[in-house]
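Summary of the model geometry
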2 protein chains.
Amino acid sequence: EASFEASFDVVVIGAGHAGTEAAVAAARSGASVALITGALEQIGQLSCNPAIGGIAKGTVVREVDALGGIMARATDLASVQFRMLNRGKGPAVWAPRAQCDRGLYRRAVRQLLEAQPNLVTIQGMVARLLFDGTGERVSGVETLEGRRFGARAVVLTTGTFGRGKMHIGTGTQISGGRAGEASSVLLGEQLDALGLTTERFKTGTPPRIDGRSVRTRDLELQHSEIEQFDYSWSHFWSTPRANVVDCARRTRHPAQMPCWLTMLDEAGTSIIATHLAESAMYGGAIASRGPRYCPSVEDKVVKFPDKAQHQLFLEPEGHDTSELYVNGLSTSLPAPVQLTILRSVRGLEDVRMTRAGYAIEYDYYPPTQLSSTLASRAVYGLYFAGQVNGTTGYEEAAGQGVIAGLNAARWVQEREPVILGRETSYIGVLIDDLVTRGVDEPYRLFTSRSEFRLTVRQDNALARLGEIADGLGLLAPDEQAQMGLRLGAVREAYALAERTSMTPAVADPLLLAVGSAPLQHAVRAIELTRRQDVSLQTLFAAAGVGDALPVDAVVGAELEIKYERYFEKERNRAIRLKAQGSVSLHETLNYEAMTTISIEARQKLTRIRPATLAQAGQIPGISPADLQNLLMELRRTLPE
Amino acid sequence: EASFEASFDVVVIGAGHAGTEAAVAAARSGASVALITGALEQIGQLSCNPAIGGIAKGTVVREVDALGGIMARATDLASVQFRMLNRGKGPAVWAPRAQCDRGLYRRAVRQLLEAQPNLVTIQGMVARLLFDGTGERVSGVETLEGRRFGARAVVLTTGTFGRGKMHIGTGTQISGGRAGEASSVLLGEQLDALGLTTERFKTGTPPRIDGRSVRTRDLELQHSEIEQFDYSWSHFWSTPRANVVDCARRTRHPAQMPCWLTMLDEAGTSIIATHLAESAMYGGAIASRGPRYCPSVEDKVVKFPDKAQHQLFLEPEGHDTSELYVNGLSTSLPAPVQLTILRSVRGLEDVRMTRAGYAIEYDYYPPTQLSSTLASRAVYGLYFAGQVNGTTGYEEAAGQGVIAGLNAARWVQEREPVILGRETSYIGVLIDDLVTRGVDEPYRLFTSRSEFRLTVRQDNALARLGEIADGLGLLAPDEQAQMGLRLGAVREAYALAERTSMTPAVADPLLLAVGSAPLQHAVRAIELTRRQDVSLQTLFAAAGVGDALPVDAVVGAELEIKYERYFEKERNRAIRLKAQGSVSLHETLNYEAMTTISIEARQKLTRIRPATLAQAGQIPGISPADLQNLLMELRRTLPE
Ligand SMILES: Cc1cc2nc3c(=O)[nH]c(=O)nc-3n(C[C@H](O)[C@H](O)[C@H](O)COP(=O)(O)OP(=O)(O)OC[C@H]3O[C@@H](n4cnc5c(N)ncnc54)[C@H](O)[C@@H]3O)c2cc1C
Ligand SMILES: Cc1cc2nc3c(=O)[nH]c(=O)nc-3n(C[C@H](O)[C@H](O)[C@H](O)COP(=O)(O)OP(=O)(O)OC[C@H]3O[C@@H](n4cnc5c(N)ncnc54)[C@H](O)[C@@H]3O)c2cc1C
């Protein structure tokens, strides 16, 4: 292999969110890794919104983190605004979401990559895969610049760059992988020639505006909650954080920035309705499907014509700029129309648009062509992760990246593959959904996609996956020690809850305060914690124990206690549901009337009309929650 | 003008070093300004080496700064390694040079731009200029995305993007304005159609390497001298600096980083010689001319075949990466050959190449098509600045940017144009050279290009140009105050030098220590300061005066005193030279033998054979120093 400049166990193509995690996971597995990407300065670029996390996604970030990944760590170094979503609902569905300084996020990812032993980064556009003598197993890659690198396995994570074409209105089409960046063409042509199935999806991004031109006084201000949150368990600092930016010293979050809320109302939606034919997506310029759950504003107006208002968040882009990201206004209307829409919005009457939104169409590879390890079934040694598998979202990309990277390394090392079960993680759900059911529109995670949404939570990611990660050899000694401390403290809090007896005299005032029944006799704290709204922290305080335990640990133990009995329930329900696969679905069923199931499911069931519940479960986008609800709807309509 | 989204006095196209300064200068002049550029995140990108300054260039940076520009300020916020070049020679030729953290430089430029009132930044590629009814005066611009902005004047600063084509070896040609970025095509086609003369130049960049793969122990280490230097006079901090990065608080330099020296020797040069035909520049892929004074390593090997060694500097790229820039190894050889060359170098035996070097060909507009204001003579309201005028270098671009921006604003405001004389500044020399003599290869500044190289220095930029800037209304009140303090302190030190009498008893020990003659009687400090190697600081200390004066100010006064008498000499010599324009140059003169003049001048005189000294002075690249030396050579050969 004299013609290779260098040879690696694993070569990862693309340093987006899938590629960076794949590279780190493979390197942590002991493989030698090269991460080859279009532009080193763009490593870790957030292509669309500057936020990491959200419902289900936030849990994935912590799962990636538990597996030794970098997304959570980079976010902690770059986040300028934090919210715990769903705080109003139970802690089972709390979802962390952090807005990041885009430039600091890139810097943090680059630093974290370079801190990883066994991993090198190389700038270059991969033009083709190289094969060994048999022609069936990858042996390396060649870049556009004419550099050849040997690889025993290759992970392909080229995101939206595969023959990417950007659209603004119906008249403007610019070839590129992201605004200002070149697309990847040759590699796609080779994959076609190899016989892989290629399809096209689209996605879009909103315009950005100049914060200095916003009447922020007229808008609702949202402050950050950052003081309370670290995304990663792996840091050695403790809250509250100072406003220092010095990544080299494992520092804390940068200074926090506010964001603002406003509304697209009647005035704006009617402009959109009027100009619909000029939208790339509705005017015929783009045929491919876009993400249902990150819809364009055109989609929102068409699909919900009666909705009077659509919420818009104005999110900071970073400390180096007053630019704001207009979350909720993804569009491919002509730029002048975008500006008119913006100016119809309260607070944006005089706004300046710093960049126009656009849509992008790109290649993806239907993921049913992959095994559960994310390996191609057609080409030995080739793995796929991220947007190329038909998903959308940084977090979904990162989650796949970890698994593809791990499996690529372990395949080279002739070790057992890693497949996470649906009951262990959202990553498990994601990959299982992809490879067994495929996608018919860009795939996004939701809590409803998981059968285990009460017990697979953001707060217990380390408990669920930390031991697995350690067993796979992914953790460094200092991380093992840190994990031991963190999990040990939760166990200690749990044990203390088991040990501590609460007398009626001590407990009753607390119970009554949250509307819970008073005690007849002394009861262990662990029992009381299972009651709704009863906090373990408060019980400990009343009992005068547990002062020395970290708050995080007590909260963690409380959630374990509150939800532990659900795990068996969730698992049993999942098994039952599977057993009921033979239940037949009559072809006259009126799915549209079944309002307990999701709109997506109703539409697909109506269109596809599966014969059995098992077949329904194979339809991409129909979640376990949909199936459960469908069964309930059937029961309701059937005679007992 | 209903079709314009917004209208501005001045629209600047491109946010490289010319464009950012043009925008700031126009905005400071009171014009409303839009700066439209390909990618907002790339604002202030350093396309090639991460250093600002150097011989003559460092002086320009301080001139730009004195005129209210941002380059020096951004450098102070981003520099991680500083050297004062030529310290061994007299202070007249000292030249500051700062290496920057590339990412922090971009952040700093963006922040400084956004801190400027009257200035907005917009992302978009300008596709064409718009004209008023007469068809002769620009009225605005339209972007590829279909946005139209009104403009009373337009400054074009599109750098290397005009139909940019990148080359690696003879086989790889990639269209683009810079690695990973799209080129600008439509605008160039329109300018052709308008009848402007377009030509092509080329330039190149070296490979980058992974610092972790360098045997730094085998190399000479160079530490930064930063503790002693601020590029800008406008800051309100004072040395020494802390290692804090927080641009929002007008902070100090980031933590400093080392760089390393090594050599390309025999082994490397022979690889280059062997592969010469595979170089884009020598293999025929590129026909256009490259920069003589930032030559490719191929050029160096071809032109100086006997030189055994070529110095290479390994310069840090920033705190977020261990990548190093290999200064001195610009090349368009095939990537695998680049790696072989690198590995032939001491310390780089196992080096990993993170990116390959490449050459780029681009459009430029011969600057003799411009007036001294940098306005196009063909199109009303259109100004050109930067690389598009056939120059090379960030600093040359910035200097032109200031003048083009100022003049565009002032033209709109119907105020007098600003033309800096050659005796006031290197910027004056630069623009005078460009518009009167044009360029026949990429133009770079040198001290020899100026007739006033002893009195136009980096240390006195504020004294030379501060009042002019203030007179043009470019300074904010706090800056006026700061300038007053700075110049006042120098004047005070000067006055003190005039007032202070040095007795032989006090002065002689100091004079003897530097080999200067002892005194017969008391003499004023100002007189002694004119002597070689005598420091005013030391005289003050000996006399027990001037303790309260800032060190900078005393050094400034010292240099004023040392060089003030040269100004008249330099001016007279320049006048004399002009008067001698009619001296005829015989066509048999053997220029090659005239070793006191530069190689460039010898070559051009031999080729062009001008009839008179005045004609020789019109040849691009023949400097005042060359003319003076030519005159001396003539005198030597002629009978008295
Ligand atoms: C305009 C736009 C709007 C979007 N909107 C949304 C949204 O609203 N919601 C949402 O969830 N997601 C959105 N996304 C998608 C989001 O960016 C992706 O989900 C996420 O970035 C996927 O990560 P990835 O790692 O798969 O790919 P990417 O982040 O796209 O990274 C791909 C990487 O591969 C590199 N690369 C590509 N080709 C090659 C090659 N041949 N050789 C070497 N390197 C190569 C690129 O340089 C890049 O670094 C949007 C993306 C874009 C571009
Ligand atoms: C590969 C390479 C090697 C180089 N090597 C050297 C060297 O060795 N020594 C040296 O002194 N100099 C070198 N340079 C040149 C140096 O980069 C330039 O001198 C300097 O950047 C010029 O500044 P500028 O402002 O004129 O242009 P640039 O810095 O090139 O900036 C141009 C700007 O215009 C924008 N733009 C372009 N077209 C459009 C459009 N149609 N609409 C909107 N925006 C547009 C771009 O996005 C960019 O922001 C090199 C440049 C390159 C690319």
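Structure's up top.
In this report, the structure presented in the accompanying data block is examined. (Residues numbered from 1 in each chain as written. Chains lettered and ligands numbered in written order. Predicted model: local features only at pLDDT ≥ 70, side-chain atom pairs only at ≥ 80, totals over all residues. Heavy atoms only, no water.)

Our next topic: the overall build of chain A. For chain A, the count of helices and strands is 19 helices and 22 strands. Its C-alpha atoms give chain A a radius of gyration of 25 Å, near enough to 26 Å, the size a compact globule of 640 residues would have. Each of the three principal axes of chain A carries a C-alpha extent, and together these read 75 × 60 × 60 Å. Classification of the 640 residues of chain A by burial places 61% in the buried group. Long-range pairs, those at least 24 residues apart, make up 72% of the contacts in chain A with a sequence separation of at least 6. (Helix = DSSP H or I, 4+ residues; strand = E, 2+ residues; numbered from the N terminus. Rg over C-alpha atoms; globule rule 2.2 N^0.38 Å. Buried < 20%, exposed > 50% of the residue type's maximum accessible area, 1.4 Å probe, protein only. Contact = heavy atoms within 4.5 Å.)

This part is about the packing of aromatic side chains. All chains considered together, the criterion is met by 10 aromatic pairs over all chains. Where Tyr365(A) meets Phe384(A), the ring centres are 5.4 Å apart and the plane angle is 55°; that geometry is what we call tilted. One end of the pair, Tyr365(A), is in the loop between β19 (358-364) and β20 (382-384); the other, Phe384(A), is in strand β20, with 19 residues separating them in the sequence. In this structure, Lys569(A) is placed above the aromatic ring of Tyr566(A), and the distance from its NZ or CZ to the ring centre is 4.9 Å. The ring of Tyr443(B) has Arg449(B) sitting right over it, with the charged end atom 4.2 Å from the ring centre. (Phe/Tyr/Trp six-rings, centres within 6.5 Å; stacked < 30°, edge-to-face > 60°. Lys NZ or Arg CZ within 6 Å of the ring centre and 35° of its normal.)

On the chain A side, the residues contacting the 49 residues of chain B number 49 residues. Both sides together, the interface formed by chain B and chain A hides about 4000 Å², and carbon and sulfur atoms give 43% of it. It is Glu41(B), Arg107(B) and Asp320(B) that lose the most area in chain B upon contact with chain A, and together they represent 17% of the buried surface on that side. Inspection of the region where chain B meets chain A yields 10 salt bridges. Residues Asp101(A) and Arg107(B) are paired through a salt bridge, measuring 2.8 Å at the closest nitrogen-oxygen approach. Elements that contribute at least two residues to the side of chain B that touches chain A include exactly α4 (102-114), β6 (119-123), β11 (172-175), α8 (335-343) and β18 (353-355) of chain B. (Buried area = accessible area lost by both parts, 1.4 Å probe. Salt bridge = Lys/Arg side-chain N within 4 Å of Asp/Glu carboxyl O.)

With that settled, consider the relation of the copies chain B and chain A. Take chain B, turn it by 180°, move it 0.0 Å along the axis, and it overlays chain A with an RMSD of 0.1 Å. Taken together, these values place the two copies in the relation of a two-fold axis. Taking C-alpha positions as the reference, the residue of chain B nearest the rotation axis is Glu181(B), at 2.7 Å. Taken together, the interface assignments show that 100% of the residues at the interface of chain B recur at the interface of chain A, consistent with an identical surface on both copies. (Least-squares fit on C-alpha atoms with pLDDT ≥ 70 in both.)

Another aspect to go through is the environment of Lys562(A). All names here are of chain A. With respect to the helices, strands and loops of the structure, Lys562 is situated in helix α16 (residues 551-579). In the structure, Lys562 is positioned 29 residues away from Asp533 in sequence and 9.8 Å away in space, judged by C-alpha atoms. Sequence-distant contacts of Lys562, defined by excluding residues within four places in its chain, comprise Thr529, Arg531, Asp533 and Val534. Only 2.7 Å separates the side chain of Lys562 from the backbone oxygen of Thr529, close enough to count as a polar contact. (Polar contact = N/O pair within 3.5 Å; in protein donor to acceptor, adjacent residues only side chain to side chain.)

Right, let's get into the site of ligand 1. All names here are of chain A. Residues in close proximity to ligand 1 total 34 residues, the closest being His17, Ala18, Val126, Gln387 and Gly393. Between Ala15 and ligand 1, the recorded distance is 3.5 Å, taken from a backbone N or O atom to an oxygen atom. Within the backbone of His17, a nitrogen or oxygen atom sits 2.9 Å from an oxygen atom of ligand 1. For ligand 1, the accessible surface in isolation is 980 Å², of which the surrounding protein chains cover 97%. (Near = heavy atom within 4 Å. Areas by Shrake-Rupley, 256 points an atom, 1.4 Å probe, with all protein chains shown as cover.)

Our focus in this paragraph is empty space enclosed by the protein. The tally for this structure, following the rule as stated, stands at 13 cavities of 30 Å³ or more. As a volume, the largest cavity reaches approximately 250 Å³. What lines the largest cavity is a set of 22 residues, among which Gly103(A), Arg106(A), Gly103(B), Arg106(B) and Arg107(B) lie closest to the centre. Of all the secondary structure elements, the ones that give two or more residues to the lining of the largest cavity are α4 (102-114) of chain A together with α4 of chain B. Looking at the lining of the largest cavity, its residues break down into four nonpolar, four polar and 14 charged. (1 Å grid on protein atoms, 1.4 Å probe; cavity = no way out; pocket = protein on both sides within 12 Å on 5 of 7 lines; lining within 4 Å. Points joined across faces, edges and corners; volume = space filled by probe spheres on them. Nonpolar A, V, L, I, M, F, W, Y, C, P; charged D, E, K, R; others polar.)

A few words now on unusual backbone geometry. Residues and elements named next belong to chain B. One non-glycine residue with positive phi stands out, namely Asn118, at about 70°. Along the chain, Asn118 falls in the loop between α4 and β6. Look at Leu374: it is not a glycine, yet its phi comes out positive at around 75°. With respect to the element layout, Leu374 can be found in the loop between β19 (358-364) and β20 (382-384).

Before going further, it helps to examine the pairing of strand β16 (residues 310-316) of chain A. All names here are of chain A. Burial within β16 is extensive, with five of its seven residues counted as buried. Strand direction decides the pairing type here: strand β15 (residues 259-264) and β16, joined by five bridges, are antiparallel. When the bridges of β16 are listed, Leu261 appears paired with Phe313. Pairing between β16 and strand β17 (residues 323-327): four bridges, direction antiparallel. Its bridge partner lying in β17, Phe313 is registered against Asn327. (Pairing = 2+ DSSP bridges.)

This part is about the site of ligand 2. Residue and element names in this part refer to chain B. If you check the shell around ligand 2, you find 34 residues, and the closest are His17, Ala18, Val126, Gln387 and Gly393. Interatomic distance of 3.4 Å between a backbone N/O atom of Ala15 and an oxygen atom of ligand 2. Between ligand 2 and the protein, one listed contact pairs an oxygen atom with a backbone N or O atom of Thr160 at 3.5 Å. Bound to the protein, ligand 2 loses 97% of the 980 Å² it would expose on its own.

Two side chains that carry opposite charge are able to pair once their charged atoms sit near each other. Residues and elements named next belong to chain A. Taken as a whole, this structure holds 88 salt bridges over all chains when the rule is applied. Close ionic contact of Glu560 with Arg457 constitutes a salt bridge, the shortest N to O distance being 3.4 Å. Of this pair, Glu560 sits in helix α16 while Arg457 sits in the loop between α10 (426-437) and α11 (461-471), and the two are 103 residues apart along the sequence. With relative accessibility at 2%, the residue Arg457 sits in the buried group.

Time to look at helix α13 (residues 504-513) of chain A. Residue and element names in this part refer to chain A. For α13, the full list of buried residues reads Ala507, Asp508 and Leu511. Buried residues of α13, viewed axially, fall in a sector of 110°; they line one side. Set apart from the buried face of α13 by more than 90 degrees, the exposed residues are Ala505 and Ala513. Tucked inside the fold, the buried residues of α13 contact β21 (501-502) and α14 (525-529). Once α13 ends, the next one or two residues include Gly515, with phi positive near 75°. (Arc of directions from axis to C-beta.)

All names here are of chain A. Within strand β5 (residues 95-100), six of the six residues are buried, which leaves it mostly tucked inside the rest of the structure. Where burial is concerned, the two faces of β5 agree: the one with Ala95, Arg97 and Gln99 and the one with Pro96, Ala98 and Cys100 are both buried. In the sheet, strand β3 (residues 51-53) pairs with β5 via three bridges, with the strands oriented antiparallel. Note that in β5 the partner of Ile52 across the bridge is Ala98.

All names here are of chain A. Following the sequence through the fold, Asn49 ends up in the loop between β2 (33-37) and β3. Under the relative-accessibility criterion, Asn49 is labelled buried at 18%. In this view, Asn49 contacts Arg97, Arg102, Tyr325, Asn327 and Tyr394; residues no more than four positions away in its chain are not counted.

This part covers the environment of Ile526(A). All names here are of chain A. Mapped onto the fold, Ile526 is located in helix α14. Exposure remark for Ile526: the relative accessible area of 3% places this residue in the buried category. A sequence separation of 141 residues divides Ile526 from Ala385, and the C-alpha atoms of the two residues are 42 Å apart. With sequence-adjacent residues up to four places away left out, Ile526 is seen in contact with Tyr494, Ala497, Glu498, Ile561 and Glu564.

Attention shifts here to the packing of helix α15 (residues 536-543) of chain B against helix α16 (residues 551-579) of chain B. All names here are of chain B. Closest axis-to-axis distance for the α15/α16 pair is 9 Å, and the angle between their directions is 115°. Listed contacts from α16 to Leu536, Gln537 and Phe540 of α15 are Val551, Val554, Ala557, Glu558 and Ile561. Here the contact of α15 with α16 is built from residues that sort into six nonpolar, one polar and one charged. (Axes fitted to C-alpha atoms, helices over the stretch in contact; angles between N-to-C directions.)

Let's shift gears to the sheet that holds β19(A). Residue and element names in this part refer to chain A. What the four strands build is an open sheet, ordered β11-β10-β19-β12; its pairing is antiparallel. Edge positions in the sheet fall to β11 (172-175) and β12 (199-205), since each has one partner strand and no second. Each neighbouring strand pair of the sheet contributes to a mean axis angle of 25°, computed without reference to strand direction.

Count 3.6 residues to each turn of an α-helix, and residues three or four apart come out pointing the same way. Residue and element names in this part refer to chain A. Along its 19 residues, helix α9 (residues 394-412) runs 27 Å from first to last C-alpha, staying within 8% of the 27 Å computed at 1.5 Å per residue. Within α9, 18 of the 19 residues are buried, which leaves the element mostly enclosed by the surrounding structure. After α9 finishes, the residue Glu414 shows a positive phi value of roughly 55°. (Expected span 1.5 Å × (residues − 1).)

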